[in-house]
Amino acid sequence: MKPSEILTPIKQRYGTAIQRIDRLDDRRLVLHVDAGALKSICRFLFRDLDARYIAGIGADDRPYSGRFMVAHNFAFDRDGLLASVLAMLPADAPEVDSIAGEVPAASWSEREFHDLVGIVPRNHPNPKRLVLPDGWPDRVHPLRKERPWNDRPDGYDEDRPFAFDPAPPGCVVVPLGPFHPTLDEPAHFRLYVDGEIVRGCEYRGFMVHRGIEKLAESVLTYNDIPMAAERICGICGCVHNVAYAQAVEQAASIPVPPRAEYIRTIMLEIERLHSHLLWVGLAGHILGYDTLFMHCFRIREPVMWIAEKISGNRKTYALCLIGGVRWDITPELHDELDQVLNRLEAQWRPLVSALLEDRNLRRRAAGIGVADRALIKEQGLIGPVARAAGIDIDCRRDHPYAAYDRVDFDVILAQDPDVWGRISVRAREVFESIRIIRQCLVKLPAGLLQAPIADELPIGRIGMSSVEAPRGESHHWLITGENHRPRRWRVRAPTYQNLQGIPAMIRDQRLADMTITLGSIDPCFSCTDRLETVDVRTGAVRVCPPEELRDRLRQRWNEPTTP
Amino acid sequence: MNMEGILALTGWGGLRWVGPVELFERGPVWLRDWAVGWLPEGAKVWAEGLIPAVAVLAVFGLLFGLATVAERKLLGRIQNRPGPNRVGPYGWLQFAADGVKMLTKEDVVPRSADRVLHFLAPIVMLAPVALSLAVIPYGRDLVAADPRCGLLFFFAVGSAAEVAAFMAGWSSRNKYSLLGAMRAIAQMISYELPLVLSALTVVMMAGSLSLVEIVEAQSGYWWGVIPRWHVMTPWGLAGLLLFMAAAAAASNRAPFDLPEGESEIIGGFMTEYSGFKYAIFFMGEYFGMFAVSGLAVTLFLGGWQAPLAVLEAAPSYGWFFLKLGVMIAWFIWVRGTLPRLRVDHLLNFGWKYLLPLGALNLLVAMVWRGLGGWAFPGAGAVRWLACLAMIGLPAILWGRLLMRSRGWGPRVYRYAS
């Protein structure tokens, strides 16, 4: 289907409600619609045209158009099309009909723009705070342009506890997190447990926000942001780095030299390699199988070394600038990378065959954390979670970027929508990554690393980029702006969607399966939480001497506990 | 130096020339008698109990230290990494460093914990396990206590560990602790049954509850080469396998370490323990492993008996500890090889697999004894194979049936709406 074939039915049904249609290119579409028709159009896209929901974006556009802006992004994976449905809201009454009733996957996005931009989703099914802490004053919305990036509003009560929903009758509350041996990052799940059976949960996360989006639109400039973007995530940072650069390049129509595209592909696949190897090890650890954990980490290590040789860092490669890359694959690195891949494949193949034939592990992991097709559709689950259920989506093929349209690879699928299927998908995807890197090394063209950019980037253009992170689709959406920085930049990490499926996945199964179910989406809380604006006491980084830390602790300790 | 022997004190006042074989074999007993002899009459009774107790605790205390290092080293080998190799020669003094670390750590007690129970739980864990070490014969005449009902005593005191686990879980006032304690109780009680059933088979065949007599019942050799250990019979072999599977679960060893499954419930009933109390729990767990391993050696592997007549020159306790070492190595090997089970799988395995097979094994032992009267050529082999088939085939078929992978089905929400 071409964009026109999707547009025809929409135009027929909503002719007058659609103000303007921008075709950014063959694979990107922006529909400017009336705010009143937004809900109906979104439902039509999601239900009738079977689009996948990506993310909702709220933006404060008052300095430019005098209005607020809200957008919902959808993906037509079979057609390779990304669409943004965009509506403007009046500055004095930023309200819009909530689509979460029709499109459950939009629930968090709407709660988020309610918190951060102050756009109220009317009739939202669960209108609680998502991002901001409960002690944050009402009507202070950090992403509004009048708030400074290092704002600390009056009346912020840092010690106010979260207001949790009451537990259902007959259930005991077991808190999981923010600190738990298998949570590598803080998040809090308030589990309602009946014996060992989990009946439901409430999630409070967003504990590691760093205000990266606010920084990007107020402090940093276009070429600073890639470095901040890759600090969104400790394990798939390069994904954000590339996705951001691509969104800007698409918005400003900057052609990227082919060599740079191949190098981006190579680095993204190196990242997928080490991320998947890490995850299989962690899954083994969560399942009480430390031998697997140790072997995975041993096999993974050379990948980190070669990444360090290429970029100077094991992680955070600082790869992209707008229009190109910073690191080259020299002939020596070329050979060494080849050797690393050969060794990796030789070590990983026997391990995978042993792993996938292990009946004990299979019995342990099969049938738990089930996310069936219906749930995946409703909550917009992506990546290995979807592929394990046999849903054939992969941004590398569906929305090709970098050099993925020039290499040959298979999208790995499984027919088990459970933890076992996810283990199997990730373990086998490693071979595809190896295949992709090898092809890139063969095809790597000579040429520039960086496109020459002479002019300032145009203003007010929209860019969209989806990159297949190891955990699923990472989506970046931005509007270019003045002062060499975007007006608004929104990052939707894969875990943001996948976490929304967790309450349904853990329901009515044992507490013992909770951690591996959560682990099976490969959660990355820092990605999800990227956007806290609450900065902290001074806004400046300061090293706290141990004496002071001890004094503070002692002070806390001696304080009477507040009732 | 007299080449035929050395001058030795054989008991109080006895002094004669003995060979090295006899010296090593009898040495520990003579040493005890000699020490007791010095004491006044009233203290002798106490000393006779105390000296073996101290000896057992000292030996197993040291073994505990060495076993922790051995475990980490062996696991390291399995996982393709070096393991501890810094403290002492080849890292073998690591346990001393760990002990010092544990001793100097802060002992944190939760504010809302029941302090008395919280304090008592580790002691209640360790003491009965140490008691159960008393009835195991470590060598010829080398047993701290030989009551007529040794085996019964072993299981009776051994089950006090469940109480300790629950005390720890309850007194910590932590939900994870309580969950761990509940798991521990469910698991230990479930697995005590197959454990006792397979021990019962031996009792039936040996005709005694005394562990010393059970070892003596396994003396001698078939055709002068194959030791008459119980493990050499089909029911004994099956019994040993059942016993070891149940023993791993009863002593909370991986892959049955659910009560403290750290990736699920943090530390189980030990979550709120730190410092030396934690170390005592740890020690109790290892002592438990030593005790069941020692019992397995006693029941099935001929206790302190040598595997060949010519090897009887080596001291009998040497053979016992060698076999014990093999058992411990087996535990470590299993830990490095298998992933942890889930609670329901664990209980299914205990109740649906080990328990029926344990009962069947009892039947097999009866048949074995019943067929003992056969006297045609090759009767022994026929009897052996018949009994092996009787336990082996059901074990394989039943296992296949239970292991059928169920995969996933559409989610059915049974409780919540």
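The structure this text deals with has already been given above.
Keep in mind the model is a prediction, meaning the values are calculated, not measured.

A closer look at the overall build of chain B
A count of helical and extended segments in chain B gives 14 helices and four strands. For chain B, the C-alpha radius of gyration of 24 Å lies close to 22 Å, the compact-globule estimate for 417 residues. C-alpha extents for chain B along the principal axes are approximately 85 × 65 × 45 Å. Counting only residues that meet the buried cut, chain B has 48% of its 417 residues in that class. Across chain B, the fraction of contacts at a sequence separation of at least 24, relative to all contacts at a separation of at least 6, is 72%. Charged side chains in chain B number 33 positive and 25 negative. The centres of these two groups are separated by 11 Å.

Section: the pairing of strand β14 (residues 472–479) of chain A
Residues and elements named next belong to chain A. Here β14 lies mainly inside the structure; eight of its eight residues are buried. Where strand β13 (residues 462–469) meets β14, eight bridges bridge the pair, whose relative direction is antiparallel. Of the residues in β14, the one forming a bridge with I462 is I479. Between the antiparallel neighbours β13 and β14 lie two residues.

Side note on the pattern of salt bridges
Residues and elements named next belong to chain A. One pass over the full model with this rule turns up 52 salt bridges over all chains. When the shortest N-O distance is used, the salt bridge between D77 and R52 registers 2.7 Å. With D77 in the loop between β4 (67–76) and β5 (81–90) and R52 in strand β3 (residues 52–61), this residue pair connects regions lying 25 residues apart in the sequence. Both residues of the pair, D77 and R52, count as buried. D328 is paired through a salt bridge with R259; the nearest N and O atoms lie 2.9 Å apart. Within this pair, whereas D328 is found in the loop between β12 (324–325) and α10 (331–356), its partner R259 is found in helix α8 (residues 258–286), the two being separated by 69 residues in sequence. Look at D328 and you get partly exposed, because its relative accessible area is 31%. Overlapping salt bridges bring together E269, R272, R387, D394, R396, E429 and E468 as one network.

With respect to the packing of aromatic side chains
A complete count under the given rule lists 36 aromatic pairs over all chains for this structure. Measuring from ring centre to ring centre gives 4.9 Å for A:Y401 and A:Y404, while their planes differ by 65°; the resulting arrangement is edge-to-face. Residue A:Y404 is classed as buried on the basis of its relative accessible area, which comes to 3%. Geometry around B:Y286 places B:R253 over its ring, the cationic atom sitting 6.0 Å from the centre.

Quick look at the side chain of B:Q94
With respect to the helices and strands, B:Q94 occurs in helix α3 (residues 94–104). Look past the residues within four positions of B:Q94 in its chain and what remains in contact with it is B:V69, B:R72, B:P84 and B:V87.

Reading guide: rules and limits
Residues numbered from 1 in each chain as written. Chains lettered and ligands numbered in written order. Predicted model: local features only at pLDDT ≥ 70, side-chain atom pairs only at ≥ 80, totals over all residues. Heavy atoms only, no water. Helix = DSSP H or I, 4+ residues; strand = E, 2+ residues; numbered from the N terminus. Rg over C-alpha atoms; globule rule 2.2 N^0.38 Å. Buried < 20%, exposed > 50% of the residue type's maximum accessible area, 1.4 Å probe, protein only. Contact = heavy atoms within 4.5 Å. Lys, Arg positive; Asp, Glu negative; His and termini not counted. Charge placed at Lys NZ, Arg CZ, Asp CG, Glu CD. Pairing = 2+ DSSP bridges. Salt bridge = Lys/Arg side-chain N within 4 Å of Asp/Glu carboxyl O. Phe/Tyr/Trp six-rings, centres within 6.5 Å; stacked < 30°, edge-to-face > 60°. Lys NZ or Arg CZ within 6 Å of the ring centre and 35° of its normal.

Remember that the coordinates give geometry; whether it matters functionally is a separate question.
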